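A closer look at the structure
Take a look at the letters that make up each chain.
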Amino acid sequence: MFETDALYQNDPKWKNAPLGHQNQETIGTWGCLLTSMNMVANGFGQSETPESLMKKLMGSGGFQGALVIPAVLPSVCPGIVYKGYQPCENNPAPLSQIDAALAAGMPVIAQVDWSPKAGLQTHWVVIYGKEGNRYLMKDPYKYRGDSPTKKLFLTDRYKHMGKDPAGAITGTVWFEGTPSSGA
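Residues numbered from 1 in each chain as written. Predicted model: local features only at pLDDT ≥ 70, side-chain atom pairs only at ≥ 80, totals over all residues. Heavy atoms only, no water.

**Observations concerning the layout of surface pockets**
Just so we agree on the cut-off: Using a grid of 1 Å spacing that covers the protein atoms alone, one calls a set of points a cavity when a 1.4 Å probe fits there but cannot get out, and a pocket when the set is open and has protein on both sides within 12 Å along at least five of seven lines; lining residues are those with an atom within 4 Å of a point. Grid points are joined across faces, edges and corners, and a volume is the space filled by probe spheres set on the points. Only DSSP runs of H or I reaching four residues or more are called helices, and only runs of E reaching two or more are called strands; each is numbered from the N terminus. By the convention adopted, Pro, Cys, Tyr, Trp, Phe, Met, Ile, Leu, Val and Ala count as nonpolar, Lys, Arg, Asp and Glu as charged, and the other residues, Gly among them, as polar.
There is about 380 Å³ of room inside the largest pocket. Of all the elements in the fold, those that place two or more residues in the lining of the largest pocket are α2 (32-43), β2 (67-68) and β5 (122-131). The element contributing the most residues to the lining of the largest pocket is α2, with 3 residues. Partitioned by chemical class, the residues of the lining of the largest pocket number 12 nonpolar, 3 polar and 1 charged. For the second largest pocket, the calculated volume is near 190 Å³. Broken down by secondary-structure element, the contributors of at least two residues to the lining of the second largest pocket are α1 (27-30) and β5. By residue number, the principal contributor to the lining of the second largest pocket is α1, which donates 3 residues. A breakdown of the residues in the lining of the second largest pocket according to their chemical character gives 6 nonpolar, 5 polar and no charged.

**Section: the pattern of salt bridges**
For clarity, the cut-off: The rule for a salt bridge is simple: a side-chain nitrogen of Lys or Arg has to be within 4 Å of a carboxyl oxygen of Asp or Glu. We call a residue buried when its accessible area falls under 20% of the maximum for its residue type, exposed when it is over 50%, and partly exposed in between, using a 1.4 Å probe and counting protein chains only.
This structure, assessed with the given rule, holds 8 salt bridges. For the salt bridge of glutamate 131 with lysine 151, the shortest nitrogen-to-oxygen distance reads 2.7 Å. Of this pair, glutamate 131 sits in strand β5 while lysine 151 sits in the loop between β6 (134-138) and β7 (152-153), and the two are 20 residues apart along the sequence. Owing to a relative accessible area of 33%, glutamate 131 belongs among the partly exposed residues under this scheme. In this structure, the salt-bridge partner of aspartate 146 is arginine 157, at a minimum N-O distance of 2.7 Å. One end of the pair, aspartate 146, is in the loop between β6 and β7; the other, arginine 157, is in helix α6 (residues 154-157), with 11 residues separating them in the sequence. Several salt bridges converge on common partners, so that one network encompasses Asp139, Asp146, Lys150 and Arg157.

In structure tokens, the structure reads:
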């Protein structure tokens, strides 16, 4: 199982830092993909915070405004390989591919809908393991009661697009690398 320490976009240490190349959004408000990428990078042996990783990515063309570009992560974190983005808002999530990645010890960054409002309100989480048919996740947004050691299951929290993970997951970002021992 992929191991990484939980990081939170709304951690007081960096939540107010402007996200990317603008001043309207912050890591705390829109930094879920950045923070998820950070957890993956740290699980592959890096030692970054969302703010330090953001600065490295900004210096390497890793942002378009406030939008992080996942494909740039390998240029600032050697040993990590970007394997692509797979949208699945209109078709079932590739659960067999997710399961294969997890079986190989690789994480999957998954897009989910964080709100019951109509339409997709994008949020990103790290899927790092599976128990039975339930996916374990590291959520970069810390809710009341969350802690780094609390076990979180994807569809217990994010089921607005469907209780089945195939519907709840609306996109995936894939990375590979060599997991560090004892992240």
